[in-house]
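# An overview of the molecular structure
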Amino acid sequence: MADLTPAKLNYRDPATWVATWGGSGLMKPAPGTWGTLGGLPFGILFLALGGPVVLAAASIALFPVGLWATRRVEGMTGDHDSGFIVVDEVVGIWITLLFAASTPVSVLLAFVLFRAFDALKPWPVSHFDKNVPGAMGVMLDDVAAGLMAGLCLLGLRYVGIA
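Keep in mind the model is a prediction, meaning the values are calculated, not measured.

## Considering the overall build of the protein chain
If you tally the helices and strands in the protein chain, you get six helices and zero strands. Ordering the α and β elements of the protein chain from the N terminus gives α-α-α-α-α-α. Against the compact-globule benchmark of 15 Å for 162 residues, the protein chain has a radius of gyration of 15 Å, which places it among compact chains. Principal-axis analysis of the C-alpha atoms gives the protein chain an extent of 45 × 35 × 25 Å. Split into buried and exposed, the 162 residues of the protein chain put 49% on the buried side. In the protein chain, the proportion of contacts linking residues at least 24 apart, taken out of those at least 6 apart, comes to 74%. As displayed, the protein chain offers around 7700 Å² of accessible surface, 73% of which is attributable to carbon and sulfur atoms. Averaged over its 9 positive side-chain charges, the protein chain has a centre that lies 3 Å from the centre of its 11 negative ones.

Take a look at the structure:
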């Protein structure tokens, strides 16, 4: 994953702001972590306002918007999966939060588990990252990481840890 200088970005293009999740992906170090943190309050808000149904709907709605923004930003920079593209992390953490209880410990574990799966990229996360080209690969590896983290979180809830 390359991390070009954002100088090639068109900051007047809404795709830039979607792809960087309001600029959180431009923060250093670890822009993916910053992007995840930037998406976390929105996910919690969606859960508070309407529960898992609203959060799932928001995740589904953000996915094609993220595809569009990622494609545009990759076109601007000429680079695939630049570190500052973090809309995929937002979708991923929202998916993980679908499995969380309404407790600070569960939300913290959702964050930690998602970041671990996103960074370590075990199979099938690595499959999507390496074998699915373009914006779809950028988005799908985080969907997979979110699902895997969510299933682990569900297991931790089952045994009373989360």
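Next comes the rest of the account.
## Things to note about the side chain of Glu-74
By the element assignment, Glu-74 lies in helix α2 (residues 31-77). Once residues within four sequence positions are removed from consideration, Glu-74 is found in contact with Asp-79, His-80, Asp-81, Ile-85, Gly-134, Ala-135 and Val-138.

## Some thoughts on a nonpolar patch on the surface
Side chains of Met-27, Trp-34 and Leu-37 sit close together on the surface and give an oily, nonpolar patch of about 250 Å² of accessible area. Classification of Met-27 by relative accessible area gives partly exposed; the value is 37%.

## Focus on helix α4 (residues 104-120)
The end-to-end C-alpha distance of α4 is 24 Å, a good match for the 24 Å that 17 residues give at a rise of 1.5 Å each. Within the sequence span of α4, burial applies to Ser-106, Val-107, Ala-110, Phe-111, Leu-113, Phe-114, Arg-115, Phe-117 and Asp-118. Buried residues along α4 sit in contact with α2, α3 (87-97), α5 (125-131) and α6 (134-158). One or two residues past the end of α4 sits Lys-121, with phi positive at roughly 50°.

## Structural notes on the packing of α2 against α6
For the pair α2 and α6, interaxial distance at closest approach is 8 Å and the crossing angle is 135°. What the angle tells us is that α2 and α6 run oblique. Regarding α2 and α6, the two cross each other, and that crossing is right-handed. Residues Phe-63, Gly-66, Leu-67, Thr-70, Arg-71 and Glu-74 of α2 touch α6, and the partners they reach there are Gly-134, Ala-135, Met-136, Val-138, Met-139, Leu-140 and Val-143. For the contact of α2 with α6, the per-class residue count stands at eight nonpolar, three polar and two charged.

## Some remarks on the confidence of the model for the protein chain
Looking at the protein chain, pLDDT values average 94 and 96% of them are 70 or higher. When pLDDT is averaged over each helix and strand of the protein chain, the minimum, 96, is found for α5 and the maximum, 98, for α3.

## Structural notes on unusual backbone geometry
A cis amide bond links Lys-28 to the next residue, Pro-29, at an omega of -5°. Put simply, Trp-123 and Pro-124 share a cis peptide bond, and its omega is 10°. One can find Pro-124 in the loop between α4 and α5. If you check the backbone angles, Asp-81 has positive phi at about 55° while not being a glycine. Relative to the elements of secondary structure, Asp-81 occurs in the loop between α2 and α3. The residue Lys-121 is not glycine, and still its phi comes out positive at about 50°. Among the structural elements, Lys-121 can be located in the loop between α4 and α5.

What counts, and where the lines are drawn
- Residues numbered from 1 in each chain as written.
- Predicted model: local features only at pLDDT ≥ 70, side-chain atom pairs only at ≥ 80, totals over all residues.
- Heavy atoms only, no water.
- Helix = DSSP H or I, 4+ residues; strand = E, 2+ residues; numbered from the N terminus.
- Rg over C-alpha atoms; globule rule 2.2 N^0.38 Å.
- Buried < 20%, exposed > 50% of the residue type's maximum accessible area, 1.4 Å probe, protein only.
- Contact = heavy atoms within 4.5 Å.
- Areas by Shrake-Rupley, 256 points an atom, 1.4 Å probe, with all protein chains shown as cover.
- Lys, Arg positive; Asp, Glu negative; His and termini not counted.
- Charge placed at Lys NZ, Arg CZ, Asp CG, Glu CD.
- Patch = residues over 30% accessible without salt bridge, like charges linked within 9 Å, V, L, I, M, F, W, Y side chains within 5 Å.
- Salt bridge = Lys/Arg side-chain N within 4 Å of Asp/Glu carboxyl O.
- Expected span 1.5 Å × (residues − 1).
- Axes fitted to C-alpha atoms, helices over the stretch in contact; angles between N-to-C directions.
- Parallel < 35°, antiparallel > 145°, perpendicular 65-115°, else oblique.
- Left-handed = near helix turned anticlockwise from the far one by under 90°.
- Nonpolar A, V, L, I, M, F, W, Y, C, P; charged D, E, K, R; others polar.
- pLDDT = per-residue confidence, 0-100.

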